[in-house]
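Reading the structure
Listed below, chain by chain, are the residues.
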Amino acid sequence: MQAHYQDLGEGIYCIDTALCRDEFAACYLIVEGDAAAFVDSGTYHSAPLIMQALAEVGLKPENVKYVIPTHVHLDHAGGAGELMRLCPNAMMIVHPKGAPHMIDPAKLIAGATAVYGAEVFARDYGTLTPVPKERLIAAEDGFQFDLNGRQLGFYDTPGHANHHGGIFDERTRSWFTGDTFGISYRDFDTDKGAWLFATTTPVAFDPEGWKNTLVKYESKHPKAMLLTHYSRVTELDRLFPLLRQSLQAMVEIALSEEPKPEGRLARIQEKIAQNLVASAQAHGVSFSEEKILDLLALDIDLNGQGLEVWLQRRAKAA
(Lines give C-alpha, C1' and ligand atoms only; values in the text may rest on other atoms or scores of the structure.)
Protein backbone atom coordinates (compact mmCIF):
# COMPACT_ATOMS: atom_id res chain seq x y z
CA MET A 1 0.00 0.00 0.00
CA GLN A 2 1.25 3.47 -0.91
CA ALA A 3 1.39 6.25 1.69
CA HIS A 4 -0.91 9.21 1.02
CA TYR A 5 -0.02 12.47 2.65
CA GLN A 6 -0.32 16.20 2.10
CA ASP A 7 2.30 18.87 2.73
CA LEU A 8 0.41 21.59 4.61
CA GLY A 9 3.44 23.87 4.71
CA GLU A 10 5.74 25.08 7.50
CA GLY A 11 6.89 21.55 8.29
CA ILE A 12 3.44 19.97 8.84
CA TYR A 13 2.30 16.91 6.89
CA CYS A 14 -1.16 15.33 7.09
CA ILE A 15 -0.87 11.55 6.61
CA ASP A 16 -3.90 9.40 5.76
CA THR A 17 -3.83 6.44 8.16
CA ALA A 18 -5.91 4.26 5.78
CA LEU A 19 -8.71 3.49 8.26
CA CYS A 20 -12.15 2.66 6.79
CA ARG A 21 -11.87 4.86 3.67
CA ASP A 22 -9.75 7.60 2.11
CA GLU A 23 -9.60 10.83 4.13
CA PHE A 24 -11.38 9.32 7.13
CA ALA A 25 -8.57 9.48 9.70
CA ALA A 26 -5.22 11.24 9.77
CA CYS A 27 -2.11 11.63 11.80
CA TYR A 28 0.41 14.45 11.54
CA LEU A 29 4.13 14.67 11.00
CA ILE A 30 5.88 17.82 12.23
CA VAL A 31 9.37 18.40 10.84
CA GLU A 32 11.82 20.97 12.16
CA GLY A 33 15.26 20.62 10.61
CA ASP A 34 16.42 17.05 11.22
CA ALA A 35 13.90 16.41 14.03
CA ALA A 36 10.39 15.02 13.70
CA ALA A 37 7.31 14.38 15.81
CA PHE A 38 4.13 12.46 15.17
CA VAL A 39 0.77 13.68 16.49
CA ASP A 40 -1.62 10.72 16.63
CA SER A 41 -0.64 7.45 15.02
CA GLY A 42 -3.55 5.73 13.36
CA THR A 43 -3.72 2.01 14.07
CA TYR A 44 -1.11 -0.74 14.17
CA HIS A 45 -1.82 -1.24 10.45
CA SER A 46 -0.98 2.44 9.78
CA ALA A 47 2.61 2.25 11.00
CA PRO A 48 4.23 1.13 7.69
CA LEU A 49 2.49 3.95 5.80
CA ILE A 50 3.55 6.52 8.39
CA MET A 51 7.15 5.35 8.29
CA GLN A 52 7.06 5.43 4.49
CA ALA A 53 5.93 9.06 4.59
CA LEU A 54 8.73 9.85 7.04
CA ALA A 55 11.28 8.36 4.64
CA GLU A 56 9.83 10.23 1.68
CA VAL A 57 10.35 13.58 3.40
CA GLY A 58 13.98 12.61 3.91
CA LEU A 59 14.08 11.51 7.54
CA LYS A 60 14.93 8.27 9.34
CA PRO A 61 13.28 6.58 12.34
CA GLU A 62 16.16 7.86 14.47
CA ASN A 63 15.09 11.46 13.70
CA VAL A 64 11.73 11.05 15.45
CA LYS A 65 11.86 12.81 18.80
CA TYR A 66 8.23 12.52 19.94
CA VAL A 67 5.13 10.39 19.42
CA ILE A 68 2.10 12.28 20.78
CA PRO A 69 -1.33 10.63 20.83
CA THR A 70 -4.03 13.22 21.51
CA HIS A 71 -5.94 10.50 23.38
CA VAL A 72 -5.92 6.74 23.59
CA HIS A 73 -8.89 5.86 21.37
CA LEU A 74 -7.52 3.37 18.89
CA ASP A 75 -7.93 5.43 15.71
CA HIS A 76 -5.61 7.95 17.38
CA ALA A 77 -3.25 5.82 19.49
CA GLY A 78 -3.60 2.25 18.26
CA GLY A 79 -0.31 2.47 16.38
CA ALA A 80 1.53 4.66 18.88
CA GLY A 81 3.32 1.79 20.57
CA GLU A 82 4.42 0.37 17.26
CA LEU A 83 5.79 3.77 16.18
CA MET A 84 7.69 3.92 19.46
CA ARG A 85 9.17 0.48 18.76
CA LEU A 86 10.23 1.58 15.28
CA CYS A 87 11.65 4.96 16.40
CA PRO A 88 14.34 4.20 18.98
CA ASN A 89 15.02 7.78 20.08
CA ALA A 90 11.40 8.87 20.51
CA MET A 91 9.64 9.74 23.74
CA MET A 92 5.89 9.48 24.03
CA ILE A 93 3.97 12.49 25.35
CA VAL A 94 0.47 11.55 26.50
CA HIS A 95 -2.26 12.65 28.90
CA PRO A 96 -1.69 11.30 32.45
CA LYS A 97 -5.01 9.42 32.32
CA GLY A 98 -3.99 7.77 29.07
CA ALA A 99 -0.45 6.86 30.10
CA PRO A 100 -1.32 3.59 31.92
CA HIS A 101 -3.13 2.32 28.82
CA MET A 102 -0.09 2.93 26.65
CA ILE A 103 2.11 0.99 29.08
CA ASP A 104 -0.40 -1.87 29.38
CA PRO A 105 -2.97 -1.80 26.56
CA ALA A 106 -4.98 -4.82 27.76
CA LYS A 107 -8.00 -2.72 28.83
CA LEU A 108 -7.99 -0.82 25.54
CA ILE A 109 -8.03 -4.09 23.63
CA ALA A 110 -10.86 -5.46 25.78
CA GLY A 111 -12.90 -2.27 25.49
CA ALA A 112 -12.50 -1.95 21.75
CA THR A 113 -13.30 -5.62 21.25
CA ALA A 114 -16.50 -5.13 23.26
CA VAL A 115 -17.53 -2.16 21.09
CA TYR A 116 -16.52 -3.46 17.66
CA GLY A 117 -16.33 -7.26 18.04
CA ALA A 118 -13.17 -9.35 17.80
CA GLU A 119 -13.26 -9.75 14.01
CA VAL A 120 -13.67 -6.04 13.24
CA PHE A 121 -11.09 -5.14 15.90
CA ALA A 122 -8.49 -7.41 14.30
CA ARG A 123 -9.33 -6.20 10.78
CA ASP A 124 -9.35 -2.46 11.52
CA TYR A 125 -7.00 -2.09 14.50
CA GLY A 126 -4.66 -5.10 14.50
CA THR A 127 -2.92 -5.23 17.85
CA LEU A 128 -1.34 -2.79 20.33
CA THR A 129 2.36 -2.61 21.18
CA PRO A 130 3.11 -1.70 24.83
CA VAL A 131 5.28 1.36 25.49
CA PRO A 132 8.10 1.05 28.05
CA LYS A 133 7.34 3.24 31.06
CA GLU A 134 10.74 4.92 30.93
CA ARG A 135 10.02 6.22 27.41
CA LEU A 136 6.78 7.94 28.37
CA ILE A 137 6.05 11.48 29.59
CA ALA A 138 2.68 11.92 31.33
CA ALA A 139 2.09 15.55 30.37
CA GLU A 140 0.14 17.82 32.71
CA ASP A 141 -1.92 20.73 31.37
CA GLY A 142 0.35 23.33 29.78
CA PHE A 143 3.39 21.06 29.41
CA GLN A 144 5.88 22.83 27.13
CA PHE A 145 8.42 21.11 24.90
CA ASP A 146 10.35 21.94 21.77
CA LEU A 147 11.27 20.30 18.51
CA ASN A 148 14.65 21.69 17.41
CA GLY A 149 13.61 25.02 18.95
CA ARG A 150 10.02 24.90 17.65
CA GLN A 151 7.80 25.57 20.66
CA LEU A 152 4.92 23.18 21.29
CA GLY A 153 2.54 22.80 24.20
CA PHE A 154 0.33 19.95 25.44
CA TYR A 155 -2.96 21.03 27.06
CA ASP A 156 -5.71 19.16 28.87
CA THR A 157 -8.74 19.29 26.54
CA PRO A 158 -11.61 17.17 27.92
CA GLY A 159 -15.08 16.84 26.45
CA HIS A 160 -14.72 14.02 23.96
CA ALA A 161 -12.61 11.96 26.38
CA ASN A 162 -11.20 12.61 29.84
CA HIS A 163 -7.72 11.60 28.65
CA HIS A 164 -7.62 14.07 25.76
CA GLY A 165 -4.89 16.59 25.03
CA GLY A 166 -4.58 19.29 22.40
CA ILE A 167 -1.16 20.27 21.05
CA PHE A 168 -0.52 23.92 20.18
CA ASP A 169 2.16 24.84 17.64
CA GLU A 170 3.40 28.37 18.29
CA ARG A 171 5.01 28.60 14.83
CA THR A 172 1.77 28.28 12.88
CA ARG A 173 -0.65 29.19 15.70
CA SER A 174 -2.40 25.89 15.01
CA TRP A 175 -4.02 23.37 17.33
CA PHE A 176 -3.77 19.63 16.76
CA THR A 177 -7.22 18.86 18.12
CA GLY A 178 -7.73 15.09 17.97
CA ASP A 179 -11.52 14.89 18.30
CA THR A 180 -12.23 18.02 20.36
CA PHE A 181 -12.80 20.27 17.38
CA GLY A 182 -15.30 17.79 16.02
CA ILE A 183 -15.31 15.93 12.72
CA SER A 184 -14.99 17.62 9.35
CA TYR A 185 -14.68 15.24 6.42
CA ARG A 186 -13.46 16.81 3.22
CA ASP A 187 -16.25 14.98 1.33
CA PHE A 188 -18.67 17.53 2.78
CA ASP A 189 -16.82 20.71 1.75
CA THR A 190 -18.98 23.07 -0.30
CA ASP A 191 -18.59 26.59 -1.66
CA LYS A 192 -19.46 27.65 1.90
CA GLY A 193 -16.28 25.94 3.14
CA ALA A 194 -15.92 23.17 5.70
CA TRP A 195 -18.80 21.52 7.58
CA LEU A 196 -18.28 19.93 10.97
CA PHE A 197 -20.12 18.29 13.86
CA ALA A 198 -19.42 17.18 17.41
CA THR A 199 -18.30 13.62 18.10
CA THR A 200 -19.88 12.16 21.26
CA THR A 201 -18.21 8.75 21.04
CA PRO A 202 -18.26 6.55 24.19
CA VAL A 203 -17.36 6.55 26.99
CA ALA A 204 -16.48 9.92 28.50
CA PHE A 205 -18.59 12.56 26.75
CA ASP A 206 -18.60 15.68 28.93
CA PRO A 207 -20.41 18.67 27.40
CA GLU A 208 -19.41 21.12 30.12
CA GLY A 209 -15.78 20.08 29.92
CA TRP A 210 -15.95 20.43 26.14
CA LYS A 211 -17.27 23.99 26.41
CA ASN A 212 -14.27 24.84 28.59
CA THR A 213 -11.96 23.23 26.05
CA LEU A 214 -13.33 25.44 23.28
CA VAL A 215 -12.68 28.52 25.41
CA LYS A 216 -9.10 27.28 25.94
CA TYR A 217 -8.69 26.79 22.20
CA GLU A 218 -9.96 30.31 21.49
CA SER A 219 -7.65 31.83 24.11
CA LYS A 220 -4.66 31.14 21.86
CA HIS A 221 -6.23 33.05 18.93
CA PRO A 222 -5.51 30.18 16.55
CA LYS A 223 -5.29 30.48 12.79
CA ALA A 224 -6.10 26.82 12.05
CA MET A 225 -7.24 23.57 13.63
CA LEU A 226 -5.71 20.26 12.56
CA LEU A 227 -8.29 17.49 12.97
CA THR A 228 -7.76 13.76 12.97
CA HIS A 229 -11.04 13.49 11.03
CA TYR A 230 -9.89 15.13 8.73
CA SER A 231 -7.03 17.55 8.07
CA ARG A 232 -6.80 21.31 8.47
CA VAL A 233 -9.72 23.71 8.79
CA THR A 234 -9.61 27.49 8.97
CA GLU A 235 -12.57 29.95 8.92
CA LEU A 236 -12.62 29.59 12.68
CA ASP A 237 -14.96 32.52 13.27
CA ARG A 238 -17.63 30.42 11.54
CA LEU A 239 -16.60 26.99 12.75
CA PHE A 240 -16.43 27.65 16.51
CA PRO A 241 -20.15 28.64 16.60
CA LEU A 242 -21.06 25.73 14.32
CA LEU A 243 -19.34 23.27 16.64
CA ARG A 244 -21.03 24.76 19.71
CA GLN A 245 -24.37 24.47 17.90
CA SER A 246 -23.70 20.81 17.07
CA LEU A 247 -22.61 20.07 20.62
CA GLN A 248 -25.80 21.61 22.00
CA ALA A 249 -27.91 19.68 19.49
CA MET A 250 -26.36 16.38 20.64
CA VAL A 251 -27.07 17.24 24.28
CA GLU A 252 -30.67 18.15 23.48
CA ILE A 253 -31.18 14.91 21.54
CA ALA A 254 -29.94 12.89 24.50
CA LEU A 255 -31.98 14.79 27.09
CA SER A 256 -35.13 14.45 24.98
CA GLU A 257 -34.87 10.68 25.42
CA GLU A 258 -33.63 10.64 29.02
CA PRO A 259 -37.01 9.75 30.62
CA LYS A 260 -37.52 6.66 28.39
CA PRO A 261 -34.57 4.25 28.76
CA GLU A 262 -36.11 1.26 26.99
CA GLY A 263 -35.15 1.23 23.31
CA ARG A 264 -33.53 4.63 23.75
CA LEU A 265 -30.33 4.05 21.83
CA ALA A 266 -32.07 3.42 18.52
CA ARG A 267 -34.21 6.54 18.92
CA ILE A 268 -31.17 8.65 19.78
CA GLN A 269 -29.32 7.36 16.72
CA GLU A 270 -32.31 8.14 14.50
CA LYS A 271 -32.45 11.70 15.81
CA ILE A 272 -28.69 12.12 15.32
CA ALA A 273 -29.08 10.94 11.73
CA GLN A 274 -31.86 13.42 11.09
CA ASN A 275 -29.86 16.24 12.65
CA LEU A 276 -26.69 15.55 10.67
CA VAL A 277 -28.52 15.15 7.35
CA ALA A 278 -30.37 18.44 7.89
CA SER A 279 -27.18 20.24 8.93
CA ALA A 280 -25.22 18.92 5.93
CA GLN A 281 -28.00 19.86 3.53
CA ALA A 282 -28.24 23.36 5.04
CA HIS A 283 -24.50 23.67 4.36
CA GLY A 284 -25.15 22.98 0.69
CA VAL A 285 -23.99 19.35 0.56
CA SER A 286 -25.47 17.95 -2.66
CA PHE A 287 -25.22 14.24 -1.83
CA SER A 288 -28.41 12.24 -1.56
CA GLU A 289 -29.69 11.57 1.95
CA GLU A 290 -28.70 7.92 1.43
CA LYS A 291 -25.10 8.92 0.57
CA ILE A 292 -24.86 11.24 3.58
CA LEU A 293 -26.10 8.49 5.90
CA ASP A 294 -23.68 6.01 4.36
CA LEU A 295 -20.67 8.28 4.89
CA LEU A 296 -21.74 9.08 8.46
CA ALA A 297 -22.97 5.60 9.48
CA LEU A 298 -20.11 4.86 11.89
CA ASP A 299 -20.27 8.34 13.44
CA ILE A 300 -24.04 8.09 13.97
CA ASP A 301 -23.61 4.69 15.62
CA LEU A 302 -20.80 5.82 17.92
CA ASN A 303 -22.33 9.21 18.73
CA GLY A 304 -25.50 7.42 19.81
CA GLN A 305 -23.58 4.99 21.98
CA GLY A 306 -21.72 7.87 23.60
CA LEU A 307 -24.90 9.77 24.41
CA GLU A 308 -26.49 6.62 25.83
CA VAL A 309 -23.50 6.06 28.13
CA TRP A 310 -23.67 9.72 29.17
CA LEU A 311 -27.34 9.33 30.13
CA GLN A 312 -26.52 6.19 32.10
CA ARG A 313 -23.84 8.12 34.02
CA ARG A 314 -26.33 10.90 34.74
CA ALA A 315 -28.83 8.36 36.10
CA LYS A 316 -26.23 6.85 38.43
CA ALA A 317 -25.23 10.30 39.68
CA ALA A 318 -28.80 11.41 40.35
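Everything here concerns the structure above.
Let me sum up the structure you'll find in this document. (Residues numbered from 1 in each chain as written. Predicted model: local features only at pLDDT ≥ 70, side-chain atom pairs only at ≥ 80, totals over all residues. Heavy atoms only, no water.)

Here we look at the environment of T127
Filter applied, for reference: For helices the rule is a DSSP run of H or I covering at least 4 residues; for strands it is a run of E covering at least 2, with both sets numbered from the N terminus onward. It only takes one pair of heavy atoms within 4.5 Å for two residues to be counted as in contact.
Mapped onto the fold, T127 is located in the loop between α6 (118-125) and β7 (136-138). Counting along the chain gives 73 residues from T127 to L54, while the straight-line C-alpha distance between them is 22 Å. Apart from the residues lying within four places of it in its own chain, the contact partners of T127 are Y44 and G78.

Comments concerning α6
Since one α-helical turn is 3.6 residues long, residues separated by three or four positions face the same way. Applied cut-off: Throughout, exposure labels follow a simple rule: accessible area from a 1.4 Å probe, protein chains only, divided by the maximum for the residue type, with under 20% read as buried, over 50% as exposed, and the rest as partly exposed. The arc in question is traced by the directions running from the helix axis to the C-beta atoms.
Residues of α6 that are buried include every one of F121, D124 and Y125, and no others. Seen from one end, α6 has its buried residues packed into an arc of 85 degrees, which puts them on one side. Opposite its buried face, α6 presents the exposed residues A118, E119 and R123, each directed more than 90 degrees away. Considering only its buried residues, α6 is in contact with α2 (74-77) and α5 (106-116).

Quick word on the packing of aromatic side chains
Convention followed: Pairing of aromatic side chains here covers Phe, Tyr and the six-membered ring of Trp, requires ring centres within 6.5 Å, and sorts the geometry by plane angle: under 30 degrees stacked, over 60 edge-to-face, intermediate tilted.
Counting across every chain of the model gives 15 aromatic pairs. When the ring of F143 is compared with that of F145, the centres are 5.8 Å apart and the planes differ by 20 degrees; the resulting orientation is stacked. Between the aromatic rings of F205 and W310, the centroid separation amounts to 5.5 Å while the plane-to-plane angle is 75 degrees, which identifies the pairing as edge-to-face. You can see F205 sitting in the loop between β11 (174-178) and α7 (207-219) and its partner W310 sitting in helix α11 (residues 297-317), a full 105 residues away along the chain. Take F205 and W310: they sit in the same class, and that class is buried.

A look at the side chain of H164
The condition is simple: Here a polar contact means two N or O atoms within 3.5 Å. Within protein one must be a hydrogen donor candidate and the other an acceptor candidate, and residues neighboring in sequence count only if both atoms are side-chain atoms.
When you line up the elements, H164 lands in the loop between β9 (150-156) and β10 (165-169). In terms of polar contacts, H164 uses its side chain to reach the backbone carbonyl oxygen of T177, at 3.5 Å. Setting aside residues up to four positions removed in sequence, H164 forms contacts with T70, H71, H95, Y155, D156, T157, P158, T177, G178, D179 and T180.

A short note on unusual backbone geometry
Here the bond from P202 into V203 is cis, since omega is 15 degrees, no more than 30 degrees from zero. Along the chain, V203 falls in the loop between β11 and α7. Of the consecutive residues H229 and Y230, the connecting peptide bond is found in the cis state with omega at 5 degrees. You can see Y230 is positioned in the loop between β12 (224-227) and β13 (231-233). Despite not being glycine, S231 has its phi angle at roughly 75 degrees, a positive value. Its place among the elements puts S231 in strand β13. Looking at S231, the relative accessible area reads 4%, which means it is buried. In this model, E235 sits at a positive phi of 50 degrees, which is unusual for a non-glycine residue.

A short note on the sheet that holds β9
The cut-off we apply is this: Here, strands pair whenever DSSP counts at least two bridges between them. Interaxial angle, 0 to 180 degrees, is taken between N-to-C directions of lines fitted to C-alpha atoms, where a helix line uses only the stretch in contact.
If you trace the six strands from one edge of the open sheet to the other, you get β8-β9-β10-β11-β12-β13, paired in mixed fashion. Lying at the two open borders of the sheet, with one neighbouring strand each, are β8 (143-147) and β13. Taken pair by pair, the neighbouring strands of this sheet meet at an average axis angle of 25 degrees, ignoring direction. On top of the sheet, α7 reaches β9, β10, β11 and β12; it is set at about 160 degrees to β11, its chief contact.

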